[in-house]
Amino acid sequence: MEDQVSSKNPDPAEKPTNEKPTGVNRYALQCSIVASIVSIIFGYDTGVMSGAMVFIEEDLKTNEVQIEVLTGILNLCALFGSLLAGRTSDVIGRRYTIVLASILFMLGSVLMGWGPSYPVLLTGRCTAGLGVGFALMVAPVYSAEIATASHRGLLASLPHLCISIGILLGYLVNYFFSKLPMHIGWRLMLGIAAVPSLVLALGILKMPESPRWLILQGRLGEGKRILKLVSNSPEEAEIRFQDIKTAAGIDAKCEDEVVKMENKKTHGEGVWKELILRPTPAVRRVLLTALGIHFFQHATGIEAVLLYGPKIFKRAGITAKDKLFLVTIGVGIMKTTFIFTATFLLDKVGRRKLLLTSVGGMVCALTMLGFGLTMAQNSGGKLAWALVLSIVSAYSFVAVFSIGLGPITWVYSSEVFPLKLRAQGASLGVAVNRVMNATVSMSFLSLTRAITTGGAFFMFAGVAVVAWNFFFFLMPETKGKSLEEIEALFQRDGDVKTKDENNAA
């Protein structure tokens, strides 16, 4: 059967790019779900910290600056983790990189759960941050590389859906554990994440490796067998196999089990040169787009609402801790519900339409939130309508973010890079993502003191306007395209001529 399929060798130009939709491959879905569990742990850590910081501030007698450092340091460490993750996943594979991320999460959770002092707590947060960097890079890449073109949006968005589920779980734990003695409650909030981290590190070893990574290493037989498991038909698996071989620089007629990749850079060697120092015009456009979407994901202020929700709602007029945590749970519910909805829209509506609609809604919601918080603070929290407007606007902001910019950032940046640049290109995107996350989380409280809480959200609304224009002019649609076809979307007619002129020079 394999010989019959391979002997046909259909011309790539004649391949159907818009084939009749089929159901999602169950095995590929299961693999993506397991890989995305690491994102639940990260989301939980984000959500639970929003409540734990309230008790840490009282128990360890920390000030606002220390709290800002504690919340933001995770993302600074994630920056280093993400930069290491790209090369690491190229060397040891996507699967073992997820295992490494789980182990780092587990160690960080143990240290935070122990937390006898602020320095130990900070060390645990840093260790978990390294795991965050690895997880945010490798989970979307792994999901995108095993998915078919028709369902890549669904599978590659699962990590962000799982982050939202984790955030919601963190908010719920905040509410229920807040009733425990203070010195026990926040430590349990942070420490219990070690349990699922250990389970994931062991369970993920039963998953298959990314077929694209295997083929890039010359392990054609293994890669082809996995492609048959994650594709909807033998014919589809063969087409994907031939496309990946071409992208990896392997002769399309080669049917060997293992190929020695002589003079091939299979472990990410020289990638930074091709990605940053001497990129082709198409790669330069890919890089600008991927880094831009990661920049705007957090520059528009989502982390302020997710991390500092209780403080924001307190300034709007809610004072009781249990009510603060209940309102914050609503944020988690909105985020999870709308990201779940987005997973089914990405492959039907498309990335571009959904993204522009999402960011347009964010501009409106952020403007209303800024207005509501300004009126609430000016009245000393006595205006009921301003409180209601602030809550509704915050929920609306989270909803429109979660149906577009939130999941699309990870889907888009995991699919636009060429095969040999994908892991380290995605890691660079995660690095920008973590820098912006850290910038917002470590400066938000100081920013609100300087320009008020309402003023901060007016500023985020202005950034969202810039983001909408960036996406409108620079982001092509990738729905339904294979990973090997997407690079062509960023090429222009003059690129070949420019490349030839550079070579001649």
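Each value, and the rule that gives it
Residues numbered from 1 in each chain as written. Predicted model: local features only at pLDDT ≥ 70, side-chain atom pairs only at ≥ 80, totals over all residues. Heavy atoms only, no water. Axes fitted to C-alpha atoms, helices over the stretch in contact; angles between N-to-C directions. Helix = DSSP H or I, 4+ residues; strand = E, 2+ residues; numbered from the N terminus. Left-handed = near helix turned anticlockwise from the far one by under 90°. Contact = heavy atoms within 4.5 Å. Nonpolar A, V, L, I, M, F, W, Y, C, P; charged D, E, K, R; others polar. Parallel < 35°, antiparallel > 145°, perpendicular 65-115°, else oblique. Core = buried A, V, L, I, M, F, W, Y, C linked by side-chain atoms within 4.5 Å. Buried < 20%, exposed > 50% of the residue type's maximum accessible area, 1.4 Å probe, protein only.

Caption draft 1: Structural context of the packing of helix H2 (residues 26-59) against helix H14 (residues 302-316). Two elements in contact, H2 and H14, have axes whose closest approach is 8 Å; the angle formed by their N-to-C orientations is 35°. You can see that H2 and H14 cross each other, and the crossing is right-handed. Residues Thr-46, Met-49, Ser-50, Met-53 and Glu-57 of H2 touch H14, and the partners they reach there are Glu-303, Leu-306, Leu-307, Tyr-308, Pro-310 and Lys-311. In terms of residue class, the contact of H2 with H14 is built from 6 nonpolar, 2 polar and 3 charged.

Caption draft 2: Main features of the side chain of Arg-351. Structurally, the position occupied by Arg-351 is in helix H16 (residues 351-378). Residues contacting Arg-351, with those up to four places away along its chain left out, are Arg-152, Gly-153, Leu-346, Ile-408, Val-411, Tyr-412, Glu-415, Glu-477, Thr-478 and Lys-479.

Caption draft 3: Broad picture of the packing of H2 against helix H7 (residues 182-191). H7 packs onto H2 with a crossing angle of 160° between their chain directions and a minimal axis gap of 9 Å. If you check the angle between H2 and H7, you find them roughly antiparallel. Relative to H7, the crossing made by H2 is left-handed. On the side of H2, the interface is formed by Tyr-44, Val-48, Met-49, Ala-52, Phe-55, Ile-56, Glu-58 and Asp-59, while H7 contributes Met-182, His-183, Trp-186, Arg-187, Leu-188, Met-189 and Leu-190. Residue composition of the contact of H2 with H7, grouped by class: 11 nonpolar, 1 polar and 3 charged.

Caption draft 4: Fine view of the nonpolar core. The biggest cluster of nonpolar side chains holds 148 residues, and the ones touching the most others in it are Ile-56, Trp-186, Leu-190, Phe-444, Phe-457 and Phe-471. Those residues in contact with Phe-471 that lie beyond four places of it in its chain are Ile-293, Phe-296, Arg-352, Leu-355, Leu-356, Val-359 and Leu-405.

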